[in-house]
Amino acid sequence: MKIILSTFIFFLCLAPLIGQTNDTIRQEILGQSPSKLEILSKGRRLLLENLQKGDLFKVMEIKDVLISEADNNVNEVFFPGEYTLILYRTEEYSDLLAYIKSDAGNVEDFRSERMLDMLASTDQLYKNISLKSAESYEVIIHFLDESELAEVEKDFLELHLYWMLFGPNSAKETEALADLNDRADVFLEKYPNSEFEQYVRNNIRFKLGLNDWGIGYEVGMGYIGTQGEMANQFKDGFLLRTAIEGTYKKTVLSLNINIGGTSTKVDFPYRETYWPRESAAVMMDIDLSLGYRLLEVKKFSFTPFIGFGAINLSPGAQEINEDTSLAKLNYTAQNYLAGMNFTFDLGNKNMPYYNGGNFLNLRYTFVKPQYNGRKGIESGHIHWVTLGWGIYSRAVRRIF
């Protein structure tokens, strides 16, 4: 009994000590200095909040504190686009010009730290400051015009701001690029040989065009017609076609898979049995074709092609079920082909930098399988006519 009572008293005394230890650890944790990541994260969010409230003096203070926290390394705290737009909003034009001229302000060459990527993905500072700046574009330009900068500096910063807010992100889908280039031309003509000339030519004044390479996909269906001695052995039939197409300028390379159905007109002896006439026949073909877009008028184009592959004729599933020995019967031969595509583009080619869309394609193929009497299939020709639907795309690239 004494042992039990002593144990109870011991744990009763130990409980407050454990509680005190937990409180001490909690206080120690709370007393830890915040990490750089925490400071930058909270600071960027606070900066954005004050920007949205219009307290630009507070924005400037927060920006300076954050840069000081990063040992004056701007690109550890902000992406170039973020920092540049902040300087526009806080009217720190001297710092802005110096940053744009420096290598640090070159958006194309900027390589971000992992921590900055993490911060930007959570607070979306650049997206929000861009939207806010676009809404306040006229106000920003007004204060810029009222500044004591030289005229060439004012005009350059105005052009630069327009480029940041309305240029690269929208140029592929709107007419903003043409307007941007016109503004750049005006600046270059007004200030020949200025200190900003190369920056404008290398970054702002550019032209977009279609990449030489493209890719497409097509599915279609149509008609199989036989000719020559093969026409005495097989009836006409139907065809399903699928293709993957790669293009380089006007050259088109297609990987085609064709599956068709027809029926036999004669008996085909095979070992101890035969493939009877009036039976279903499955035709399969895989080939490569190389074409060249010879003519293109508005939405219509004409592309002749040649190609080669392999073709196979075999019994249908029902015939094989009735006579399992026919499962191993197949007639495979090399296949040469030539033909032409008549294509109608369904997209709106009047859009700037139109780089792809849907199309309809009428395809005629003259097929010359190399059976020539081998295994009982005579020589002859096959005609394929298919109507297909497809999609294609070419990337938009900067030409200069």
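Everything in this summary refers to the structure shown in the same document. (Residues numbered from 1 in each chain as written. Predicted model: local features only at pLDDT ≥ 70, side-chain atom pairs only at ≥ 80, totals over all residues. Heavy atoms only, no water.)

### Observations regarding the pattern of salt bridges
All chains considered together, the criterion is met by 13 salt bridges. With a shortest N-O distance of 3.5 Å, D179 and R183 are connected by a salt bridge. Placement of the pair is D179 and R183 together in helix α10 (residues 176–190), with a separation of 4 residues, close to one helical turn. The class of D179 is partly exposed, set by a relative accessible area of 31%. (Salt bridge = Lys/Arg side-chain N within 4 Å of Asp/Glu carboxyl O. Helix = DSSP H or I, 4+ residues; strand = E, 2+ residues; numbered from the N terminus. Buried < 20%, exposed > 50% of the residue type's maximum accessible area, 1.4 Å probe, protein only.)

### Some thoughts on the nonpolar core
As a rule of thumb, soluble globular proteins bury nonpolar side chains together. In terms of nonpolar packing, the biggest core is built from 50 residues, with F78, F156, L157, L161, F187, V200 and I204 touching the most fellow members. If one sorts the elements of this core by residue count, helix α9 (residues 151–166) sits on top with 9 residues. Those residues in contact with L157 that sit more than four places away from it in its chain are Y88, Y93, L96, L97, I100, L144 and L149. By size, the runner-up hydrophobic cluster in this structure holds 20 residues, among which are Y270, W275, V367 and I382. (Core = buried A, V, L, I, M, F, W, Y, C linked by side-chain atoms within 4.5 Å. Contact = heavy atoms within 4.5 Å.)

### Some thoughts on helix α3 (residues 56–69)
The end-to-end C-alpha distance of α3 is 20 Å, a good match for the 20 Å that 14 residues give at a rise of 1.5 Å each. Within the sequence span of α3, burial applies to V59, I62, K63, L66 and I67. Each buried residue of α3 sits inside an arc of 130° when the element is viewed along its axis, so together they form one side. Away from its buried face by more than 90 degrees, α3 exposes F57 and V65. Lining the buried residues of α3 we find α2 (36–53) and α4 (80–90). Of the residues trailing α3, D71 is marked for its positive phi of about 60°. (Expected span 1.5 Å × (residues − 1). Arc of directions from axis to C-beta.)

### Here's the deal with the packing of aromatic side chains
Inspection of every chain in the model, using the stated rule, returns 19 aromatic pairs. Taking 5.4 Å as the distance between ring centres and 80° as the angle between the ring planes, the aromatic pair formed by Y137 and F166 counts as edge-to-face. Pair noted here: Y137 is in helix α8 (residues 137–145) and F166 is in helix α9, with a separation of 29 residues, a long-range link. Between F268 and W275, the aromatic rings sit 5.3 Å apart at their centres with planes inclined by 35°, giving tilted as the arrangement. (Phe/Tyr/Trp six-rings, centres within 6.5 Å; stacked < 30°, edge-to-face > 60°.)

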